[in-house]
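Results of the structural survey
One-letter residues, chain by chain:
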Amino acid sequence: MATAANTTTAGAAKDGNAAAAAAAPAPAKTLSGIVKQVLSGDTVVIRATKGAPPPEKQITFSHVLAPKLARRPGAGGDETKDEPWAWESREFLRKKLIGAEVTFTFDKPANSNREYGFVWLGKDKETGENVVESIVREGLVTVRREGRPTPEQQTLIELEDQARAAGRGKWAHNANAADKVRNIKWSHENPAHIVDVYGGKPVKAIIEHVRDGSTVRAFLLPDFHYVTLMISGIRCPGVKLDADGKPDLTVKVPFADEARYYVETRLLQRDVEIRLESVNNSNFIGTILYPKGNIAESLLREGLAKCVDWSMAVMKTGADKLRAAERIAKEKRLRQWHDYQVKTPAFNSKEKDFTGTVVEVFNGDAINVRLANGQVKKVFFSSIRPPRDQRVGTEGEEIVKAPPRGKNYRPLYEIPHMFDAREFLRKKLINKKVQCNLDYISPLRDNFPEKHCYTVLIGGQNVAEAMVAKGLATCVRYRQDDDQRSSAYDQLIAAEQQAIKGLKGMHAKKDNVTLRVNDLTVDHSRIKVQYLPSWQRALRTEAIVEFVASGSRLRLYVPKDSCLVTFLLAGISCPRSSRPALNGVPAQEGEPFGDEALTFTRERVLQRDVSVHIDTTDKAGSSIIGWLWTDQNVNLSVALVEEGLAEVHFSAEKSEYYRQLKSAEDRAKAAKKNIWANYVEQVPEEKVVIEEEKDEKVPVERKVNYENVIVTEITETLTFFAQSVDNGPKLDTLMSKLHADFQANPPIAGSYTPKRGDLVAAQFTFDNQWYRAKVERVQGQNASVLYIDYGNKETLPISRLAALPPAFSSEKPYATEYALALIVLPADNEDKEEALRAFSDDVLNHKVQLNVELKVFNGASLATLHDPTTKTDFGKQLVADGLVIVEKRRERRLKELVEQYRAAQEAALAAHLAIWKYGDITQDDAPEFR
């Protein structure tokens, strides 16, 4: 408090000392206490050792006068600057006395309203240090010399003379007085800039005044920024204000004085560190760190403060510790929590925490989770609210509770950002394992059912926090004493603040438009005319399964055309499932295995990305009929038949999938699965069919059909991967779309568990981009993958793998593996390396011509590579350079080529090139060498 009110005390000391000298002094009283505050170099405030808060006494040192401290504007006068050495004299006393126990004498002259005296450190003035003498000795105050000096005054005069002679303090011979005057910044035009300058790092400070338990004034060092600071995350009881906005001291607020006293005894004029975090009007918001930790935690733990959500949101770290400290005070019912009652019901261990797989996502605020035992639980996200219907009235005011819509109203598509929120959850969670931690149970009210609200984690990430951060949900605001909230509520508030600042999602300034969807489940007239022709032409169409009505009847959303349509699986007949009573229509009993078929289909495709091929419509033209492939590229019609949950329909006979369906049905019948449980196979009469044997037509001449390719990878066994040059633009387009998709919807690390043989997306180490890959091996937390469009392999942590979106799984690999025809690598490792190096120099990443010489079943086809300009056969050149050996093959079609290769090998052997340097190495294969 080296400010206005305090400097007035210092300024009045001169007149008081004169008055004290003129009047006959009263007998001095001796007391002891604790130094609370140093107002200037000659005035201190001492409090008693008992009481909460204890009484205080202001003592001005006798016979001395300290330089005046600066006075801030508006504090009882105009702004003034420090007198030279004023701050040094104040600091000398502050560092020596604050919090120290002292003994002091004082008297009050008859014509003065101040008390003057001497102060000694410790409990005994006979042995303790005389503080007045110490500050005179340091040359930081001036001794009064008027009138006849008393013995005490004479001692001070002698000490001052010694300080002058020694050049101490203000008596320094070469000191520049201007250097001893602070440049104080009393106000700040742009407080937010100050916060940015310090960048959230702790800055040294001195607390100058404690307004209440959660608001202080401080100097930030060394620049002397004078700030009013509201402590982040808490609020203490404070003084009530009157009608004019001034403190009303007649009204006593419970625990207000105790909270202020608690902070004063720990922080006032102490060296602390302040972490500035935000600004509220002209006040700063920040955290105060003192030797025992965070003062906010201490206040909360003692029940002298309560957590405040709005300022807790700006904290960089430590919000969870504040909540924990408040919880301790609540449990102990300390001070402000003396009448606290626990409102959170007790949970049993089974419903509190569990792990399961997400099987369905509702409109942005809930999911269905299947447990290990097959039970499905509905889980609501704690403390967040999804996008809401915010229609406005005629006067432009928002209608809080919107009137009901028509019967065809679909909130998922018509409420702005609702579809985005659902899609975010669907892509991140469907068929993924999540950890659910119960926070609270929202009771039944206003026709809303009881809700179990959880914090849902996937890969350690809070799903609700991720939604809020993208502006796809908002935080629920609670009363201060309401504990029915998320355990990560502070992180949710902080995420919302960042989303608002970044204008994300619902917080964007642009108008929130609804998703325009053509509902073909209601308006059937446009299916045949507008949509069916293009769907039939498309090889496959991407879609999302929105609803499953039965094993073979679904509702699809087609993003490309932004439409909803009813879809029937082609080629099968599926049992009808049961239907509940709805809108006055009585319940209908299903056919045998109808419900099982419904469950089978729901578990595999509900809210999944699928691809479909549409053949036609039903007779009424209200539904489309076609084939559907799951996100694992499984034909759903075939899967249902294989499981014995559907039978092949006669309409499938003309389909290209008829053989698959018939084979699946035969297997289901043989295994007597589900609808075939009582099936008895009829044995047909044997018919003898004599077929004429046909000579196998084997080509005897070599065919040459060059294809322009780029060799992208060479393996250690001399096989290589090549891409067709003609497919280059298609591959570039595919990769651009794949990279854009993963940039827009980055996967959650650890949410995907790969298996051998899976087609996945893998994040390549070299450029951190996502590519299509096949899992070849999984070992612990690592997986070996083959990048199918390039041919290279890599071992990655499984955290760098993700499920490949169905839109990218239908295209065949762009890199094909071949073996170099008629070539065998030498046995010696050094010779192998030399051959591979030469082959790589010739063809790797080069445009060459490829000719398939021999197709190999279930293996790499044999091929030759040629220079497109010189027509050089690179394999034959390796033979001619003596780097490889010609393979022994007897195919008639390769006879001429083999002879050419053998002639090149004989020439290399004769010239003793490379591997033939010491003669014919193939002689080692003779029987006498084995």
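Predicted model, so just to flag it, every value in this text is computed and none were measured. (Residues numbered from 1 in each chain as written. Predicted model: local features only at pLDDT ≥ 70, side-chain atom pairs only at ≥ 80, totals over all residues. Heavy atoms only, no water.)

1. Comments concerning the overall build of the protein
- For the protein, the count of helices and strands is 22 helices and 43 strands.
- By the compact-globule yardstick of 30 Å for 930 residues, the protein is too spread out, its C-alpha radius of gyration being 43 Å.
- Taken over the C-alpha atoms alone, the protein extends approximately 145 × 95 × 50 Å along its principal axes.
- Across the 930 residues of the protein, 46% fall into the buried class.
- Counted over contacts in the protein with a minimum sequence separation of 6, partners at least 24 positions apart contribute 62%.
- About 49,800 Å² of surface is accessible on the protein, with carbon and sulfur atoms providing 49% of the total.
- Here the protein carries 131 positive and 128 negative side-chain charges, and the mean point of each set is 5 Å from the other. (Helix = DSSP H or I, 4+ residues; strand = E, 2+ residues; numbered from the N terminus. Rg over C-alpha atoms; globule rule 2.2 N^0.38 Å. Buried < 20%, exposed > 50% of the residue type's maximum accessible area, 1.4 Å probe, protein only. Contact = heavy atoms within 4.5 Å. Areas by Shrake-Rupley, 256 points an atom, 1.4 Å probe, with all protein chains shown as cover. Lys, Arg positive; Asp, Glu negative; His and termini not counted. Charge placed at Lys NZ, Arg CZ, Asp CG, Glu CD.)

2. Topic: the sheet that holds strand β33 (residues 719-724)
- Taken together, the 5 strands give a closed barrel; going around it, the order is β32-β33-β39-β42-β41, and neighbouring strands pair in mixed fashion. Between one strand axis and the next, the sheet turns by 60° as a mean value, whatever way the strands run. (Pairing = 2+ DSSP bridges. Axes fitted to C-alpha atoms, helices over the stretch in contact; angles between N-to-C directions.)

3. Side note on unusual backbone geometry
- Residue P222 is bonded to the preceding L221 through a cis peptide linkage, with omega at 5°.
- As for its position among the elements, P222 is in the loop between β9 (215-220) and β10 (225-231).
- The residue F255 is not glycine, and still its phi comes out positive at about 70°.
- Along the polypeptide, F255 turns up in the loop between β11 (234-235) and α6 (256-267).

4. Quick notes on helix α2 (residues 86-97)
- Relative to the 16 Å expected for 12 residues at 1.5 Å per residue, α2 spans 17 Å between its end C-alpha atoms, a close match to the ideal helical length.
- Where α2 is concerned, the buried positions are A86, W87, S89, R90, E91, L93, R94 and L97.
- G99 lies just past α2 and shows a positive phi near 80°. (Expected span 1.5 Å × (residues − 1).)

5. Section: the sheet that holds strand β35 (residues 770-779)
- Spatial strand order, β37-β36-β35-β34-β38: 5 strands in an open sheet with antiparallel pairing. What marks the edges here is a single partner per strand, and that holds for β37 (793-797) and β38 (801-803). The mean angle between the axes of side-by-side strands here comes to 50°, regardless of whether they run parallel or antiparallel.
- Here β35 runs beside strand β36 (residues 782-786); their pairing, made up of 5 bridges, is antiparallel. Among the inter-strand pairings, R777 is bridged to a residue of β36, identified as S784.

6. Details of the UniProt feature "domain: Tudor" (unreviewed entry) in the protein
- According to UniProt, the positions carrying the feature "domain: Tudor" (unreviewed entry) are residues 753-811.
- The span residues 753-811 is 0% helical and 47% strand by assignment, and the distance between its end C-alpha atoms comes to 23 Å. (UniProt positions renumbered as here; feature names shortened; annotations may be inferred.)

7. Topic: the pairing of strand β41 (residues 847-854)
- Where burial is concerned, most of β41 is hidden: 6 out of the 8 residues are buried.
- Of the strand pairs in this sheet, strand β32 (residues 707-714) and β41 are connected by 4 bridges, and their pairing is antiparallel. Within β41, the position partnered with V709 by the bridge is V848.

8. So, the packing of aromatic side chains
- Counted by the stated rule, this structure contains 26 aromatic pairs.
- One Lys or Arg, R604, reaches over the ring of F600 and ends 3.6 Å from the middle of that ring. (Phe/Tyr/Trp six-rings, centres within 6.5 Å; stacked < 30°, edge-to-face > 60°. Lys NZ or Arg CZ within 6 Å of the ring centre and 35° of its normal.)

9. Quick look at the nonpolar core
- With 42 residues, the main nonpolar core has W535, F567 and L628 as its most contacted residues.
- When residues in this core are grouped by element, the largest group, 5 residues, is from helix α17 (residues 636-642).
- Those residues in contact with L628 that sit more than four places away from it in its chain are V545, L556, F567, L569, V605, V610, S611, V612, V634, N635 and L636.
- Counting 41 residues, the second largest nonpolar core, distinct from the first, contains A313, V358, C475 and I748. (Core = buried A, V, L, I, M, F, W, Y, C linked by side-chain atoms within 4.5 Å.)

10. Section: the pattern of salt bridges
- Taken as a whole and assessed by the stated rule, the structure comprises 46 salt bridges.
- A salt bridge links K36 to E56; the shortest N-O distance between them is 2.6 Å. In this pair, K36 sits in strand β1 (residues 29-40) while E56 sits in strand β3 (residues 56-61), placing the two residues 20 residues apart along the sequence.
- A salt bridge links R145 to E160, with the shortest nitrogen-to-oxygen separation between them at 2.7 Å. Of the two residues, R145 is situated in the loop between β7 (142-143) and α4 (151-166) and E160 in helix α4; the sequence distance between them amounts to 15 residues.
- Look at R145 and you get partly exposed, because its relative accessible area is 40%.
- Its relative accessible area of 0% is what places E160 among the buried residues. (Salt bridge = Lys/Arg side-chain N within 4 Å of Asp/Glu carboxyl O.)

11. Side note on the environment of Q530
- Following the sequence through the fold, Q530 ends up in helix α15 (residues 526-537).
- We classify Q530 as partly exposed; its relative accessible area is 44%.
- Note: C-alpha distance between Q530 and F118 (412 residues apart in sequence) is 100 Å.

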